[in-house]
Amino acid sequence: MTTASSTIQAPSRNSAIDAATPPSLEELWMPFTANRAFKRAPRMLVAAKDMYYTAADGRRILDGTAGLWCVNAGHCRESITAAIREQAGVMDYAPPFQMGHPLAFELAQQLTRMLPDGIDHVFFGNSGSEAVDTSLKIALAYWQAKGEPQRVRFIGRQRGYHGVGFGGIAVGGIEANRKQFAGQLLPAVDHLPHTHDLANNAYTRGQPEHGAHFADALEDLVTKHGANTIAAVIIEPVAGSTGVIIPPKGYLERIREICDKHGILLIFDEVITGFGRLGASFGATKFGVVPDMMTVAKGITNAAVPMGAVCVRHAIYDTVVNTANAGIELFHGYTYSGHPLAAAAGLATLEIYRTEGLFERAASLESVWEDAVHSLRGSPNVIDLRNIGIVGAIELEPRPGAPGARGFETFVKCFEAGVLVRSTADTVALSPPLIIERDQISQMFEVVRGVLRNVA
Ligand code: PLP
């Protein structure tokens, strides 16, 4: 399938590999997975270090996706592992309701130092989905506290992904994620059009020139529903899970302007775009557009312990907390909000980002990365290539009558050839750890190029 030189060599086996055959695959109901097909032909990972996974058969797999857009500093970093281990021995758990522990406060403070000016309070959860649903609840609580309780409507965007909570799938715009649950989604939600425009923008490097006007649809939704019924707009600065849609120049600025004009809160879902992925701390920083709330997760702990967070402007915290009667101000929280192990992992992770300058490193690699992505132009079935920061997308022509099949086969064959990529329908996405070296970028794209030649 690939030439010998583009296939990554297997290292020696280790104990993780020897322990890798589970007695049964049946009992586990796997998430977002074709369970029956997987269990017939499993792809099992058993170890990870820096840029590589080790597969159950001992092969090294170059991680082209930072796990699931989350291991931004590379795998099994010593300082993160040590921080988790140490915290587990000191205090495994502390209840977060009416009690506190120092690391959660410290992490909130460290995180706010990285955020755009004015966003200075943090609410912790355990995932991106929880962060999204929390942000929607905070928006509702804010408008209640402001004396505008009729502002309850949320505006999402077609093809948006905001996790799998009921709030997240309601504002999300990936139809497959909604249709099994369509009978019970949040009632007051509308969607902006997505900005993917192959006819005008195919093979753009970075942000497309064409498409700022897609933001004007927000004015139409305001006219349709009335600004005073809309609580918030939620969008990903770069839509990731749907197959990487990069905002056209001027689009996010225009969304911000329209939200300001009508007093609507703007939420950036930065679960993927946060922590250096775009060659800047956050999408808000990269694009110079500051929302009212940001949801983050994934890279906050380098994925070593689950954690998510909502970061809010001062005025939102102030309005909800300082105008409330004495007592609990927001009736929301999770048993594991700010969990000690996650907080320890988060602090160690932010320290790596700072001391290794990983966001700057990502920015400095951006042009090499861009050239590598666009070197696939002309490969069989490729109809678009997109890039921003250390994110790349290869859009393939769908096979007639079998949408998604070509993308999935590319993913499987890349894995067999030693590179982990991610496929969403017929788009293959690449988002490696930010520690990637130039020769690993070349190696990754040579493998993908070889696979594309062999996928009919
Ligand atoms: N929001 C965005 C933009 C995401 O990309 C994701 C996950 O990929 C989520 C939310 C959900 O995060 P989680 O899977 O941690 O719940």
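Computed from a prediction, not measured in an experiment: that's the story for all the values here. (Residues numbered from 1 in each chain as written. Predicted model: local features only at pLDDT ≥ 70, side-chain atom pairs only at ≥ 80, totals over all residues.)

### Some points on the overall build of the protein chain
Looking only at helices and strands, the protein chain has 17 helices and 15 strands in total. For 456 residues, the compact-globule formula gives about 23 Å, and the C-alpha radius of gyration of the protein chain, at 22 Å, lands near that figure. Its C-alpha atoms give the protein chain principal-axis dimensions of roughly 70 × 55 × 45 Å. Sequence separation of at least 24 residues holds for 74% of the intrachain contacts in the protein chain that already meet a minimum separation of 6. (Helix = DSSP H or I, 4+ residues; strand = E, 2+ residues; numbered from the N terminus. Rg over C-alpha atoms; globule rule 2.2 N^0.38 Å. Contact = placed C-beta atoms within 7 Å.)

### Re the pairing of strand β7 (residues 230-235)
Within β7, six of the six residues are buried, which leaves the element mostly enclosed by the surrounding structure. Here four bridges tie β7 to strand β8 (residues 265-269), and the two strands are oriented parallel to one another. Along β8, the bridge assignment pairs Ala 232 with Leu 265. You can see the chain leave β7, run along helix α11 (residues 251-262) and come back into β8, and the turn it takes is right-handed. (Buried ≥ 20, exposed ≤ 12 C-beta atoms within 10 Å, placed from the backbone. Pairing = 2+ DSSP bridges. Right-handed = clockwise from strand over helix to strand, strands pointing away.)

### Comments concerning the site of the ligand
Near the ligand you find 14 residues, and of these Ser 127, Gly 128, Ser 129, Gly 163 and Val 271 are the closest. Top contributing element to the shell around the ligand by residue count: helix α6 (residues 128-145), with three residues. For the shell around the ligand, the class distribution of residues is five nonpolar, seven polar and two charged. (Near = placed C-beta within 6 Å. Nonpolar A, V, L, I, M, F, W, Y, C, P; charged D, E, K, R; others polar.)

### Notes on the sheet that holds strand β1 (residues 45-49)
Read across the open sheet, the four strands follow the order β1-β2-β3-β13; overall the sheet is mixed. Where the open sheet ends on each side, the last strands, each with one partner, are β1 and β13 (419-420). In this sheet, strand β3 (residues 60-63) lies alongside strand β2 (residues 52-55) in antiparallel orientation, the contact comprising three bridges. Bridge assignment links Thr 54 to a residue of β3, and that residue is Arg 60.

### Description of helix α13 (residues 314-322)
Residues that lie three or four places apart on an α-helix share one face, since the helix turns once every 3.6 residues. All of the buried residues along α13 are Ile 316, Thr 319 and Val 320. Buried residues along α13 cover an arc of 85° about the axis, so they all sit on one side. Opposite the packed face of α13, turned more than 90 degrees from it, sit the exposed residues His 314 and Asn 322. Lining the buried residues of α13 we find α6, β9 (293-296) and β10 (308-313). (Arc of directions from axis to C-beta.)

### Overview of the environment of Leu 68
Along the polypeptide, Leu 68 turns up in helix α3 (residues 66-69). Residue class for Leu 68 comes out partly exposed when judged on the 15 C-beta atoms lying within 10 Å of it. Placed 231 residues apart in sequence, Leu 68 and Gly 299 show a C-alpha to C-alpha distance of 9.9 Å.

### As for the domain arrangement of the protein chain
Annotation of the protein chain at the domain level lists domain 1 (4-73 + 357-454) and domain 2 (79-355). Each of domain 1 and domain 2 was reduced to a C-alpha centroid, and the two centroids are 26 Å apart. Elements that contribute at least two residues to the side of domain 1 that touches domain 2 include exactly α3, α15 (358-374), β11 (382-388), β12 (391-396) and β15 (427-430). Counting residues per element, the side of domain 1 that touches domain 2 draws most heavily on α15, at seven residues. Across the side of domain 1 that touches domain 2, the residue classes tally to 17 nonpolar, eight polar and six charged. (Domains from an automatic or database assignment.)

### Some thoughts on the environment of Met 114
Tracing the backbone shows Met 114 in helix α5 (residues 102-114). On the neighbour-count criterion, Met 114 (18 C-beta atoms within 10 Å) is partly exposed. Remark: the alpha-carbon pair of Met 114 and Val 428, spanning 314 residues in sequence, is separated by 31 Å.

### Digging into the sheet that holds β10
Taken in spatial order, the seven strands line up as β4-β10-β9-β8-β7-β5-β6 in an open sheet, and their pairing is mixed. Taken across any chain shown, the strands that pair with only one partner, and hence form the sheet edges, are β4 (119-125) and β6 (189-192). Between one strand axis and the next, the sheet turns by 20° as a mean value, whatever way the strands run. Alignment of β4 against β10, held across six bridges, turns out to be antiparallel. From the neighbouring strand, Val 122 faces β10, where its bridge partner is Cys 311. Running over the sheet, helix α10 (residues 217-225) touches β5 (153-157), β6 and β7 and is turned about 155° from β6. (Axes fitted to C-alpha atoms, helices over the stretch in contact; angles between N-to-C directions.)

### Considerations on the nonpolar core
The biggest cluster of nonpolar side chains holds 130 residues, and the ones touching the most others in it are Val 233, Ile 255, Ala 309, Cys 311 and Val 419. With ten residues, helix α14 (residues 340-355) is the largest single contributor of residues to this core. Apart from the residues within four sequence positions on either side, Ala 309 is in contact with Leu 111, Val 122, Phe 123, Phe 124, Gly 125, Ala 131, Val 296 and Ile 300. (Core = buried A, V, L, I, M, F, W, Y, C linked by C-beta atoms within 7 Å.)

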